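# Overview (structure and organization)
Okay, here's what each chain looks like letter by letter:
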Amino acid sequence: MLIENNQYSVIQKALLRFFLIYFILYIIPYGFEYIPIDTDDYSLWEPITIWFGETFLGWDFNLNRLAKGFDSKYDYSRFALITVISFGATLLWLLLDRLKAWEYNTRLKAILQTILRYHLGFTLILYGMAKVFPLQFGTTGIDTLTTDFGDFRPMSLLWAFMSYSRFYTGVTGWVEVLGGLFLLFRKTTFLGIFLSFVAMVNVVVIDIGYDVTVKMFAMHLLIMAAILMADHFNRVMNFLLLNREAKPLYYFNLFSGLPKVGMAMKIVVIAIFGYFTFTGTAERLNNETANRYGAFSSTHHVEQMIINGDTLDASSFLSWKQMNISGRSYLSDQLTITTGLNSKKNFRFEMDSVEQTLTFKDLNVGSDVYEFSYQKTAGKRYLFKGTHLGDSIILQTKAKVADDYTLMSNKRRWIRDLR
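Residues numbered from 1 in each chain as written. Predicted model: local features only at pLDDT ≥ 70, side-chain atom pairs only at ≥ 80, totals over all residues. Heavy atoms only, no water.

### Looking at the overall build of the chain
Our working rule: Where helices and strands are cited, they refer to DSSP runs of H or I of at least four residues and of E of at least two residues respectively, numbered from the N terminus. Radius of gyration here is computed from C-alpha atoms only, and the compact-globule reference equals 2.2 Å multiplied by the residue count raised to the power 0.38. We call two residues contacting when some pair of their heavy atoms lies within 4.5 Å. The protein chains shown are the only cover counted for residues, whose accessible areas, like all others here, come from Shrake-Rupley with a 1.4 Å probe. Positive residues here are Lys and Arg, negative ones are Asp and Glu, while His and the chain termini are left out of the count. Charged side chains are reduced to one point each, which is NZ for Lys, CZ for Arg, CG for Asp and CD for Glu.
Of the regular secondary structure elements, the chain holds 12 helices and 9 strands. Relative to the 2.2 N^0.38 estimate, which gives 22 Å for 419 residues, the radius of gyration of the chain is 28 Å and therefore markedly larger than a compact globule would have. Counting only C-alpha atoms, the chain reaches 90 × 60 × 40 Å along its principal axes. Partitioning the contacts of the chain with sequence separation of at least 6, the portion at a separation of at least 24 is 59%. In the form shown here, the chain has an accessible surface area of approximately 24300 Å², with 62% of it arising from carbon and sulfur atoms. The averaged location of the 36 negative side-chain charges in the chain is 11 Å from the averaged location of its 41 positive side-chain charges.

### Some words on the pairing of strand β3 (residues 320–325)
Along a regular strand, successive side chains alternate from one face of the sheet to the other. Formally: When accessible area is computed with a 1.4 Å probe and restricted to protein chains, residues below 20% of their type maximum are described as buried, those above 50% as exposed, and intermediate ones as partly exposed. Two strands qualify as a pair provided that DSSP identifies no fewer than 2 bridges between them.
Taking burial as the measure, the 6 residues of β3 include 5 buried ones, the bulk of the element. Here strand β1 (residues 298–307) pairs with β3 via 4 bridges, running antiparallel. Bridging across to β3, His301 finds its partner in Gln322. When β3 meets strand β4 (residues 334–339), the two strands line up antiparallel, connected through 5 bridges. Within the sheet, the bridge partner assigned to Trp320 lies in β4 and is Thr339.

### Regarding the confidence of the model for the chain
Defined as follows: What pLDDT conveys is the predictor's confidence in a given residue, as a value from 0 to 100.
Taken as a whole, the chain shows an average pLDDT of 90; of its residues, 95% reach a score of 70 or greater. Taken together, the stretch residues 1–5 has pLDDT below 50 and engages in 19 contacts with residues farther than four places along the chain or on a different chain.

### Looking at helix α1 (residues 10–27)
Operational definition: Expected helix span is computed as 1.5 Å times (number of residues minus one).
Across its 18 residues, α1 extends 26 Å between first and last C-alpha, which sits within 8% of the 26 Å expected from 1.5 Å per residue. Those residues of α1 hidden inside the fold are in contact with α3 (73–100), α4 (105–132) and α9 (215–230).

### Some remarks on the packing of helix α7 (residues 166–183) against helix α8 (residues 189–209)
What counts, and what does not: Note on geometry: axes are lines fitted to C-alpha atoms, helical ones only across the stretch in contact, with angles between N-to-C directions running from 0 to 180 degrees. Each crossing is labelled by how the near helix is turned from the far one, with a counterclockwise turn of less than a right angle marking it left-handed and a clockwise turn marking it right-handed. By the convention adopted, Pro, Cys, Tyr, Trp, Phe, Met, Ile, Leu, Val and Ala count as nonpolar, Lys, Arg, Asp and Glu as charged, and the other residues, Gly among them, as polar.
Two numbers describe how α7 lies on α8: the axes approach to 7 Å, and their chain directions differ by 145 degrees. For the pair α7 and α8, the sense of crossing is left-handed. Facing α7, whose interface residues are Val175, Glu176, Leu178, Gly179, Gly180, Phe182 and Leu183, α8 presents Thr189, Leu191, Gly192, Ile193, Leu195, Ser196, Ala199 and Val203. Each residue belonging to the contact of α7 with α8 can be placed in one class, and the counts come to 9 nonpolar, 5 polar and 1 charged.

### Points about the packing of aromatic side chains
Note the cut-off: The pairing test for Phe, Tyr and Trp rings, Trp by its six-membered ring, is centres within 6.5 Å, and the orientation test on the planes gives stacked under 30 degrees, edge-to-face over 60, and tilted for anything in between.
Counted under the stated rule, the structure contains 29 aromatic pairs. Residues Phe18 and Phe19 carry aromatic rings whose centres are separated by 5.7 Å and whose planes lie at 70 degrees to one another, so their mutual orientation is edge-to-face. Plain terms: the ring middles of Tyr127 and Phe217 are 5.7 Å apart, the flat faces sit at 45 degrees to each other, and that makes the pair tilted. Residue Tyr127 is found in helix α4, and its partner Phe217 is found in helix α9; the two are separated by 90 residues along the sequence. The class for Tyr127 is partly exposed, based on a relative accessible area of 24%. Grouped by ring-pair contacts, the aromatic residues Phe296, Trp320, Phe347, Phe360, Tyr370, Phe372, Tyr374, Tyr382 and Phe384 constitute a single cluster.

### Some remarks on the pattern of salt bridges
A side chain with one charge may pair with a side chain of the opposite charge, provided their charged atoms come close. Rules: Here a salt bridge means any side-chain nitrogen of Lys or Arg lying within 4 Å of a carboxyl oxygen belonging to Asp or Glu.
Enumeration according to the criterion identifies 11 salt bridges in this entry. Between Lys109 and Asp231 there is a salt bridge whose closest N-O contact spans 2.9 Å. With Lys109 in helix α4 and Asp231 in the loop between α9 and α10 (233–242), the pair connects residues that are 122 residues apart, well separated along the chain. Asp231 sits in the buried class, given a relative accessible area of 19%. In this structure, the salt-bridge partner of Lys345 is Asp362, at a minimum N-O distance of 3.0 Å. Of the two residues, Lys345 sits in strand β5 (residues 344–352) while Asp362 sits in strand β6 (residues 357–362), which places them 17 residues apart along the sequence. By relative accessible area, which is 8% here, Asp362 ends up buried. Residues participating in the shared-partner salt-bridge network are Asp71, Asp211 and Lys215.

### Considerations on the nonpolar core
So the rule is basically this: Each nonpolar core is a collection of buried residues, namely Ala, Val, Leu, Ile, Met, Phe, Trp, Tyr and Cys, held together in the definition by side-chain atoms within 4.5 Å.
The biggest cluster of nonpolar side chains holds 36 residues, and the ones touching the most others in it are Tyr22, Phe23, Tyr26, Tyr74, Leu116, Leu120 and Met224. When residues of this core are traced back to their parent elements, those giving at least two are α1, α2 (45–57), α3, α4, α8 and α9. At 9 residues, the largest contribution of residues to this core is made by α9. Setting aside residues no more than four positions away along its own chain, Phe23 makes contact with Leu116, His220, Ile223, Met224 and Ile227.

### A few points about unusual backbone geometry
Even without a glycine there, the phi angle at Ala67 is positive, about 50 degrees. As for its position among the elements, Ala67 is in the loop between α2 and α3. We classify Ala67 as partly exposed; its relative accessible area is 39%. You will see that Asp71, though not glycine, has its phi angle at about 55 degrees, which is positive. With respect to the helices and strands, the residue Asp71 is situated in the loop between α2 and α3.

### Here's the deal with the pairing of β5
Across 5 bridges, β4 lies against β5 in antiparallel orientation. From the neighbouring strand, Ile337 faces β5, where its bridge partner is Lys345. Linking β4 back to β5 in an antiparallel pair, the connection comprises 4 residues, with Asn342 at a positive phi of about 65 degrees. Judged from the 6 bridges that link them, β5 and β6 form a sheet pairing that is antiparallel. Counted as the bridge partner of Met351 is Leu358 from β6. In this antiparallel pair of consecutive strands, β5 and β6, the connection spans 4 residues, and Gln356 shows a positive phi of 55 degrees.

Okay, here's the thing in structure tokens:
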């Protein structure tokens, strides 16, 4: 990788081969998040991983819920399996090298670093763009605002924290995007490594602290950044602590003999990645943030509910306590009903603000349909009249929009006591 250093100890040779084998096995095929392909169509990992986990780890697997990529037993089985394979293959490789006395470590190191640079770079750009635009964490919706603090799971609490401030989330996203972009070019690799390493340390600490279900995914990215940083460790120490000269390092060019071929391959790879990233981001923006009913996004506290002429007691299991409309940032057409017993049920809805009609269906039972007409009365109160499976329903509600909540009404102020 680095031209001036062609001397490698046995330990360095072993680590070089181990990491090269491990990360190739780790990335293929599950690491290609930046290209929308269904890896299960051609992956051979599943049966082998399950066999390994059952045989050597004593785990049972639910084949219908393997939860691949989410810190599951399946993932840990695969990590252990590829570690064993990489260790065995490294020993065999070193033995063959000893018999043949081949010297190609610099080129081999360049291959490893190129793989890590592009994989880490593309992944950080992908996740960074999902932060620059409100995709990964969404925006603060009615569902978040109406959830009691103590009812949040740790990961949900993190998502609520990140979704509140587009400024903070956007800054973290740009750090990842810039770090990823700089990794794609040899002249800016060190800056890319530095930004990527800082970004991934932050992500790993947060993922562990809030029990995010992709801790091992983040830790693998941090390890990649650490491996890329290793060659710069002495330079950083000389510059920051020892007040010594930090000599420049030049990365080995895998296509030094065929520069045009290398440049053509680089352009093609980046162009393919750019196309999928652009189209994927545009599609997600349209699906997840285009709130067709933004003006009607609100919490409706049910003050009275009448079914077939009978007024229900507020504590009845049939009574509705609350109705959240457009409550989720990811699903702009979702409606959630909370009953008097605090159980929740989700629906997909459609509304016509001209005709003043609201229709919603059970997410699981398509025939379970509620049809209402509505009108706004005094203040923020509404009157809903409709039917459900032959029953007539009348609702009197009081609405609360996002800006009625203290969290959303307090805007950024540079001078705290200026009114």
